[in-house]
Amino acid sequence: MFQFNLVKKAQKGDEQAFLNLLHKEKEKLYRIAFTYVKNENDALDIVQETIYKAYISINKVKEPSYFPTWITRILINTALDYIKYKNKIIPIEQDTLEKIESTQKLDSSDKLDLLHAIHQMNEKYKTVLILRYYKDLSVKQISEFLECPEGTVKTNIHRAINQLKVLLKEECINE
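So, here is what we can say about the structure in this document.

Parameters and conventions
- Residues numbered from 1 in each chain as written.
- Predicted model: local features only at pLDDT ≥ 70, side-chain atom pairs only at ≥ 80, totals over all residues.
- Heavy atoms only, no water.
- Phe/Tyr/Trp six-rings, centres within 6.5 Å; stacked < 30°, edge-to-face > 60°.
- Helix = DSSP H or I, 4+ residues; strand = E, 2+ residues; numbered from the N terminus.
- Buried < 20%, exposed > 50% of the residue type's maximum accessible area, 1.4 Å probe, protein only.
- Core = buried A, V, L, I, M, F, W, Y, C linked by side-chain atoms within 4.5 Å.
- Contact = heavy atoms within 4.5 Å.
- Salt bridge = Lys/Arg side-chain N within 4 Å of Asp/Glu carboxyl O.

## Some thoughts on the packing of aromatic side chains
Link 1 in the chain: A full pass over the atoms with the stated rule returns three aromatic pairs.
Link 2 in the chain: Between F18 and Y55, the aromatic rings sit 5.2 Å apart at their centres with planes inclined by 70 degrees, giving edge-to-face as the arrangement. Placement of the pair is F18 in helix α2 (residues 15-37) and Y55 in helix α3 (residues 40-56), with a sequence separation of 37 residues.
Link 3 in the chain: When the centroid spacing of 5.7 Å and the interplanar angle of 40 degrees are considered together, the rings of F67 and W70 count as tilted. Separated by three residues within a single helix, F67 and W70 lie in helix α4 (residues 67-88), roughly one turn from each other. W70 matches F67 in its accessibility class, with the two residues each being buried.

## Describing the nonpolar core
Link 1 in the chain: In this structure, I46, I58, F67, W70 and I71 are the most contacted members of the largest nonpolar core, which totals 23 residues.
Link 2 in the chain: For this core, the secondary structure elements donating two or more residues are α1 (2-11), α2, α3 and α4.
Link 3 in the chain: Discounting chain neighbours no more than four positions away, the residues touching I71 are L22, E25, L29, T50 and A54.
Link 4 in the chain: Of all hydrophobic cores here, the second largest spans 16 residues; its members include I118, L131, L146 and I157.

## Brief notes about the pattern of salt bridges
Link 1 in the chain: Following the criterion strictly, the structure yields one salt bridge and no others.
Link 2 in the chain: Between E25 and K28 there is a salt bridge, with the nearest N and O atoms lying 3.0 Å from each other. With a gap of three residues between them, E25 and K28 both fall in helix α2, about one helical turn apart.
Link 3 in the chain: Residue classification places E25 among the buried residues on the basis of a relative accessible area of 9%.
Link 4 in the chain: When its relative accessible area of 30% is taken as the criterion, K28 is described as partly exposed.

So, in structure tokens, the structure goes:
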């Protein structure tokens, strides 16, 4: 009965009620997240994301007694999404970026600008640029590798190139 009241209060916007609900679940959520990712920081990130998702969608809980099951389901989906995302990102090492730049006919200051611009980019854009221009994979091959539609790959390549242009233009202006 106590949990029923807390869920109802949380659904009406009572933040303290929501925090009380979480207090009962937080250790279990962390243990489950850690089981998936085997890393304390990643597990904490997953729990944090789960709490955010639960908070914004608390009104979707139809049966208050199922709150623990509902929030656990959110956590599991968040952990699986996190793992899937992590597996799609290709870590870009410093030497890889240097190899890319050494293949270009650029002077050393231009190489530094390019390296700096690439480091500032979102991971998904770095990934498609590396696969397309360094690994010389086709859009279709990148699509298969990242398990996403070819249109998404093309869009990400286009956005990455545009982002590079903007970043490199900013570098020139700042000098």
